[in-house]
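# Residue-level structural notes
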Amino acid sequence: MMALSGLDIFKLLPKTNCGDCGVPTCMAFAMKLAQKKAELSECPHASEDAASAIGAASEPPIRLVKIGGGSAFEAGNETVMFRHEKTFFHPTGIAIQLRTTEAKELLSKKIKEVEDYSVERVGEELKADLFFITHDSDSSEDLLSTIQLAKQNSSKGIILDCPEENTLRAALEMLANDRPAIFNRKEPSEQIVSLVRESGASLVLTSPSLDDLVSQSQKIREAGVNSIILNLESHNSIDQLQHNTFIRRSALKNNFKPLGYPILKFIRGNSPYDNLADAALLTCKYSSIVVLPEYDKAQLFTLLTLRQSIYTDPQKPIQVDAKVYPIGDPTPDSPVFVTTNFSLTYFIVSGEIENSGISAHLLIVDTEGQSVLTAWAAGKFVGEKIAKFIKDVNLEEEVKTRKIVIPGLVSQISGDLEENLAGWEVIVGCQEASDIPSFIKSVDLT
Amino acid sequence: MTFDIPKEVNSHKVLEITVGATTEQGGTRSHTIQVGGSAALPFHFFEGELPNKPAVAMEVFDVLPSRYPDYLKAYYQDVIDNPGDMAKKCVDEYGAELISVRLEGTHPEKGNRSAEEAVETVQQVLESVSVPIIITGHSHFEKINAVMKKVCEATAGENCLINFVETDNYKTIAAACIAYHHTLVAQSPIDLNLAKQLNILLTDMSFPPEQIVMDPLTGTLGYGLEYTYSIMERIRTDGLGGDKMLAFPMLVNSGYESFRVKETRTPEEENPAWGNLESRGAYWETGTAMSLLAAGADLLIMYHPQAVETVKKKLEQAFKTETGE
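Keep in mind it's a predicted model, so treat the numbers as computed, not measured. (Residues numbered from 1 in each chain as written. Chains lettered and ligands numbered in written order. Predicted model: local features only at pLDDT ≥ 70, side-chain atom pairs only at ≥ 80, totals over all residues. Heavy atoms only, no water.)

In this section: the overall build of chain B. Of the regular secondary structure elements, chain B holds 10 helices and 10 strands. Its C-alpha atoms give chain B principal-axis dimensions of roughly 65 × 55 × 35 Å. Restricting to contacts in chain B with at least 6 residues of sequence separation, those with at least 24 account for 70%. As displayed, chain B offers around 11600 Å² of accessible surface, 47% of which is attributable to carbon and sulfur atoms. Of the charged side chains in chain B, 27 are positive and 46 negative; the average position of the first set lies 1 Å away from that of the second. (Helix = DSSP H or I, 4+ residues; strand = E, 2+ residues; numbered from the N terminus. Contact = heavy atoms within 4.5 Å. Areas by Shrake-Rupley, 256 points an atom, 1.4 Å probe, with all protein chains shown as cover. Lys, Arg positive; Asp, Glu negative; His and termini not counted. Charge placed at Lys NZ, Arg CZ, Asp CG, Glu CD.)

Next up on the list: the confidence of the model for chain B. On average, residues of chain B score 95 in pLDDT, and 98% of them are at 70 or above. Scoring of the predicted complex yields 0.89 for pTM and 0.96 for ipTM. (pLDDT = per-residue confidence, 0-100.)

Residues and elements named next belong to chain A. Strand order in the open sheet made by the 8 strands is E10-E9-E8-E7-E6-E3-E12-E11, with parallel pairing throughout. Of all strands in the sheet, those bounded by a partner on one side alone are strand E10 (228-232) and strand E11 (264-266). Mean inter-strand twist for the sheet, computed between neighbouring axes without regard to direction, equals 25°. The pairing of E11 with strand E12 (residues 289-292) spans 3 bridges and is classified as parallel. Residue pairing across strands places Lys 265 opposite Val 290, the latter belonging to E12. (Pairing = 2+ DSSP bridges. Axes fitted to C-alpha atoms, helices over the stretch in contact; angles between N-to-C directions.)

Before going further, it helps to examine helix H3 (residues 115-128) of chain B. Residues and elements named next belong to chain B. The terminal C-alpha atoms of H3 lie 20 Å apart, and with 14 residues this matches the ideal 20 Å at 1.5 Å per residue to within 8%. Considered for burial, the residues of H3 that qualify are Ala 115, Ala 118, Val 119, Thr 121, Val 122, Val 125 and Leu 126. Projection of H3 onto a plane perpendicular to its axis shows the buried side chains occupying an angular sector of 160°, all on one side. Exposed and facing more than 90 degrees away from the buried side of H3 are Glu 120 and Glu 127. In this fold, the buried residues of H3 make contact with strand E3 (55-61), helix H2 (83-92), strand E4 (98-102), strand E5 (133-136) and helix H4 (141-154). (Expected span 1.5 Å × (residues − 1). Buried < 20%, exposed > 50% of the residue type's maximum accessible area, 1.4 Å probe, protein only. Arc of directions from axis to C-beta.)

The subject of this paragraph is the interface of chain A and chain B. The partner chain B presents 57 residues to the 60 residues of chain A that form the contact. With both sides pooled, the region where chain A packs onto chain B buries about 5100 Å², and carbon together with sulfur makes up 61% of that total. The largest contributions to the chain A side of the interface with chain B come from Ile 238, Arg 249 and Tyr 273 of chain A, which together make up 14% of the buried area. Summed over the shared surface of chain A and chain B, the result is 11 salt bridges. Between Lys 297 of chain A and Glu 268 of chain B there is a salt bridge, with its nearest N and O atoms 3.3 Å apart. On inspection of chain A and its partner chain B, the count reaches 21 residue pairs in polar contact (both at pLDDT 80 or more). Elements with a contribution of two residues or more to the side of chain A that touches chain B: strand E4 (119-121), helix H8 (210-222), helix H9 (237-253), helix H10 (272-284), helix H11 (297-310), helix H12 (343-356) and helix H17 (436-442) of chain A. Among the elements that take part in the side of chain A that touches chain B, H9 of chain A stands out by supplying 10 residues, more than any other. When grouped by side-chain class, the residues that make up the side of chain A that touches chain B number 27 nonpolar, 19 polar and 14 charged. (Buried area = accessible area lost by both parts, 1.4 Å probe. Salt bridge = Lys/Arg side-chain N within 4 Å of Asp/Glu carboxyl O. Polar contact = N/O pair within 3.5 Å; in protein donor to acceptor, adjacent residues only side chain to side chain. Nonpolar A, V, L, I, M, F, W, Y, C, P; charged D, E, K, R; others polar.)

So, on to helix H6 (residues 192-204) of chain B. Residues and elements named next belong to chain B. Along its 13 residues, H6 runs 18 Å from first to last C-alpha, staying within 8% of the 18 Å computed at 1.5 Å per residue. Among the residues of H6, those classed as buried are Leu 192, Ala 195, Leu 198, Asn 199, Leu 202 and Thr 203. Along the long axis of H6, the arc covered by the buried residues comes to 130°, so they all point the same way. Residues of H6 that are exposed and angled more than 90 degrees away from the buried face: Asn 193 and Asp 204.

Now for the nonpolar core. Within the largest apolar cluster, 189 residues are counted, with the highest numbers of intra-cluster contacts made by Leu 160 of chain A together with Ile 99 of chain B. Sort the elements by how many residues they give to this core and helix H9 (residues 277-295) of chain B lands first, with 8 residues. Once residues lying within four places of it in the same chain are set aside, the contact partners of Ile 99 of chain B are Met 58, Val 60, Ala 87, Cys 90, Val 91, Val 125, Val 129, Val 131, Pro 132, Ile 133 and Ile 134 of chain B. Grouped together as the second largest cluster of nonpolar side chains are 21 residues, Val 365, Ile 390, Leu 421 and Trp 424 of chain A included. (Core = buried A, V, L, I, M, F, W, Y, C linked by side-chain atoms within 4.5 Å.)

Okay, the packing of aromatic side chains next. Here the structure, examined in full by the defined rule, presents 21 aromatic pairs over all chains. Relative to Tyr 303 of chain B, the ring of Phe 259 of chain B has its centre 6.1 Å away and its plane inclined at 10°; by these criteria the two rings are stacked. With Phe 259 of chain B in the loop between helix H8 (254-258) and H9 and Tyr 303 of chain B in the loop between strand E10 (297-302) and helix H10 (305-322), this pair connects stretches of sequence that are 44 residues apart. In this structure, Phe 259 of chain B and Tyr 303 of chain B share a single accessibility class: buried. Residue placement shows Arg 248 of chain A over the ring face of Phe 88 of chain A; its charged tip is 5.2 Å from the ring centre. Seen from the ring of Tyr 256 of chain B, Arg 102 of chain B lies directly overhead, with NZ or CZ sitting 3.6 Å from the centre. (Phe/Tyr/Trp six-rings, centres within 6.5 Å; stacked < 30°, edge-to-face > 60°. Lys NZ or Arg CZ within 6 Å of the ring centre and 35° of its normal.)

Once that is clear, we can look at the pattern of salt bridges. Counted under the stated rule, the structure contains 38 salt bridges over all chains. Between Glu 8 of chain B and Arg 249 of chain A there is a salt bridge, with the nearest N and O atoms lying 3.5 Å from each other. Taken together, the positions of Glu 8 of chain B in the segment before strand E1 (16-19) and Arg 249 of chain A in helix H9 put the pair across two chains. By relative accessible area, which is 3% here, Arg 249 of chain A ends up buried. The partner of Lys 314 of chain B in a salt bridge is Asp 274 of chain A, with the nearest N and O atoms 3.5 Å apart. Of the two residues, Lys 314 of chain B is situated in helix H10 and Asp 274 of chain A in helix H10; the pairing between them involves two chains. Looking at Asp 274 of chain A, the relative accessible area reads 3%, which means it is buried. Via salt bridges that share partners, Arg 249 and Lys 253 of chain A together with Glu 8 and Glu 47 of chain B belong to a single interconnected network.

This part is about the sheet that holds strand E14 (residues 336-340) of chain A. Residues and elements named next belong to chain A. Strand order in the open sheet made by the 5 strands is E13-E15-E14-E16-E17, with mixed pairing throughout. Each having just a single partner strand, strand E13 (324-327) and strand E17 (425-428) make up the two edges of the open sheet. Taken pair by pair, the neighbouring strands of this sheet meet at an average axis angle of 30°, ignoring direction. Here helix H14 (residues 383-392) sits on the sheet and contacts E14, strand E15 (360-365) and strand E16 (403-406); the angle it forms with E15, its principal contact strand, is near 120°.

All names here are of chain B. With their axes 9 Å apart at the nearest point, H3 and H4 run at an angle of 40° to one another. With respect to H4, the element H3 is oriented oblique. Considering only the axes of H3 and H4, their crossing is right-handed. Facing H3, whose interface residues are Ala 115, Glu 116, Ala 118, Val 119, Val 122 and Gln 123, H4 presents Ala 146, Val 147, Lys 150, Val 151 and Ala 154. (Parallel < 35°, antiparallel > 145°, perpendicular 65-115°, else oblique. Left-handed = near helix turned anticlockwise from the far one by under 90°.)

This part covers the side chain of Thr 266 of chain B. All names here are of chain B. Structurally, the position occupied by Thr 266 is in the loop between H8 and H9. A distance of 2.7 Å separates the side chain of Thr 266 from the backbone oxygen of Lys 262, its partner in a polar contact. What Thr 266 contacts, discounting residues up to four positions off in sequence, is Trp 274, Leu 277 and Arg 280.

What follows is about unusual backbone geometry. The omega torsion across Asn 163 of chain B and Phe 164 of chain B is 25°, close enough to zero to call that bond cis. The residue Phe 164 of chain B is located in strand E6 (residues 161-165) in this model. We note that Tyr 286 of chain A has phi near 80°; this positive angle belongs to a residue other than glycine. Along the chain, the position of Tyr 286 of chain A falls in the loop between H10 and E12. A positive phi angle, close to 60°, is found at Leu 217 of chain B, a residue other than glycine. Relative to the elements of secondary structure, Leu 217 of chain B occurs in the loop between strand E8 (212-215) and helix H7 (225-240). Classification of Leu 217 of chain B by relative accessible area gives partly exposed; the value is 29%.

Written out as C-alpha cells, the structure reads:
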C-alpha cells in the first residue's frame, strides 16, 4: 500500500548509471532499495525530493515505539484494521498505575506483586507490561523514591506522569538507561521536548480534541521527536473506540503521519467492573496501551486472557503441548481419553470431562494444532500415530487401565488403533464434546 | 490543520428484527424489542445509522444447571426454583430487557420433562413479566422438536425468539415458527459458510428473513474467542458489504458459556493468580460481552447481574450521547 515499487523508486533516481553507489545501474539500485537491501544515502547524487519521497515510504504507517530497557515493551507497527485481514502484531500493553502519594510499603508490595504476577495459558506466560507512575504528591522525593522502588524490584518499563518540570528532569536522570515514556497532561513545553530528544524517551501527547492532537503531533515531529504515543481523551470507551478507529484508519488508509503512532488509554471508570469493560473493549479496538488504576488479579487474568485471543495470529491455531493431562484426581485405574492438540479442542474436551465429575487421563496428541477431523484427514490423528505416542510417553507404565476413549468423529480409526495397541479396548466416544458428560454415564469405563 | 474523519459508508444494512408482540399485534407483551438494523460496524456512529442499542436478556431455567455457581444463586435466593419469580427479579431488579427461558430439563438425560411441562414453565414466565421472551432449547433433536412445537403453538402470536435450530435440525421448528408467528435463532458452529448455508436453507423454505437472528456459536473468553470474534466480524462486514444471507442480527450466549468453564468456578485458593472468584465471574462475562459487542453482537443472553449492570451502562451511555437525548 505505502511501499514504493522498484520502478517507482527508479523514476526518482538520477538515471545516470554512474555506479557510484556500488551497483552498476540505477534500475538495479532501485530494486535493492525496494527490497530494503540498500539505503538511499549510498547514492551521492540523489535529490532531496527523492530522499523525502523514499524516506516517507519506508516509514511504517504506525510507528514502532519502545518503552523500557532490555527486552523493552513494543507498541505500534500494526498493518490492518481487522485481525482476520492478517494479524495484530503487538499485544495491548497493560500498565498498572502507581501513585506517589501511596505509602511506600504499599507501593513496594504492589510493585513486587505485579512483577511476580504471571499466569500460564496454552504454553504462554501472561503478564502485565508497564508501570504508570503518577506524581500526585507535593514532594519530588516521593517520585524519586517510587522510581527507585520500581527499578529495584522490577524490570518493567515506566511511563511517567509528572506535571512538574524540574522534578521530571531529576526523574529522567534516574531513568537515563531505561527509555521511559513521558505522559503529558497538556501540550508539552519546548523544554520537555528537548529533554525527551536528549534522553531517548517517548512522549505521550494528550488532548480532548483530535485537531489539537494532530497539531501537537506535527510540532513534535518537526522538533525531531518521533517516539510518540497518542492519548485522545474521550467521554466513554465507546467514544474512544470511534476515536481509535479514526486514528488507525488515518494512519493505515491515508498514511497520515501525525496519527501514525500507538494509542494509550487511561482507564478511569467508576468501578473495577467498569474498568474491565472499558479495557476489554479497547484491547479489541486499537488501544496499544491501557493503564489500569488498580492491581486486581481477577481483572488482570480476564484481560490477559482476552488479549491473548485477540493478538493470536489467525493463520496459526493455538496449540497445547502434546502430553498426558490429569483431569480431576486420576488414579492408575482412571480411563484414558485421547484428542488433538488444537487448543480449543483441548479446552472444551477437558472442561466437559471435568464437568462429568469423573477423573481421567487426557492424552493430547500433536496434530500441529489441527482439530480432530482435519487432523484425521491429514493422517496426523490415526491409529498408528496415537499408538506410537502412547508408547513414547510410557502411558502403559503410568496407568493400569486399558480403556481408551477416542472422539466419535473418528470412529473409523478404532480398529486400526486396537491393532496397533495390543491389550487395549478402544471405546468410540460421542461426536460432540457437550455430550461427554452423558456419554460417560452411558458406558463402563472402569 | 483540520482533520477529516475517514468515513467508510456501507451500501447495505443488517435486517432489523422485532421480538415480542403487543396485544394489538396478537401477543400479550407490553412492548416489543428491535435488534439489528445497523448500517455501520459496531459503535461506528460517525459513519452510519445504528438504530438499535444491543439488547440485554437474562436467563431463567426449568431445571437449574448443575454447574450454576453459588455466587450467582445468592442473587436469587428463594426465587431460583421458580422461573416466573426469577424472571420478574431479573427484569425488575437487574434490568433484563428480555427473558430467556432455558428448557434444558426437557433433555432426556437432564430431567426428561414433558412438552406440557415446558409449556407450563413458559406460560408462567409470560405471566410474570411483560417483556419479550426467548425460548432456549438443546441439541436432542427428537425431544426438542416435540417440545418446541408445543411451546410455539401454546404461545402463538407472542413472537417469541425460538432459540435455536441448526443445519441438521431446522425444518420442524422453523415450520412451527411460521405457523405460530415466532422469530428464530439459526445456530451454526463457528463458521461463516455454515452460517450462511443455514440461512439459505431457511429462506429456501420460505422462512421470512426478517424473522431470523444468527448465533455463530460463540464461546467465552479463553475458549476459542480468537475464532468466534473474527467470524462475527467477518459476518458483519460481509453483511454490510451486501451479502444478504449474512445480514442478520447476531445473538451471543455470554452467560451460559461463561459459567460452565473452570475459570469462573475455581476458588482462588486453588489458583491464586486467578484472583477473587466472585468478581472474576463478573469480569469474565463482562469481558466476553464487551469484546463480542465490538465484533457485532446485537443481543446478549447474560447471567451475572453485575456484568449486566456494567454492560448495560456502557451501552446506554453510548446510545444516549449519540442520539442526543
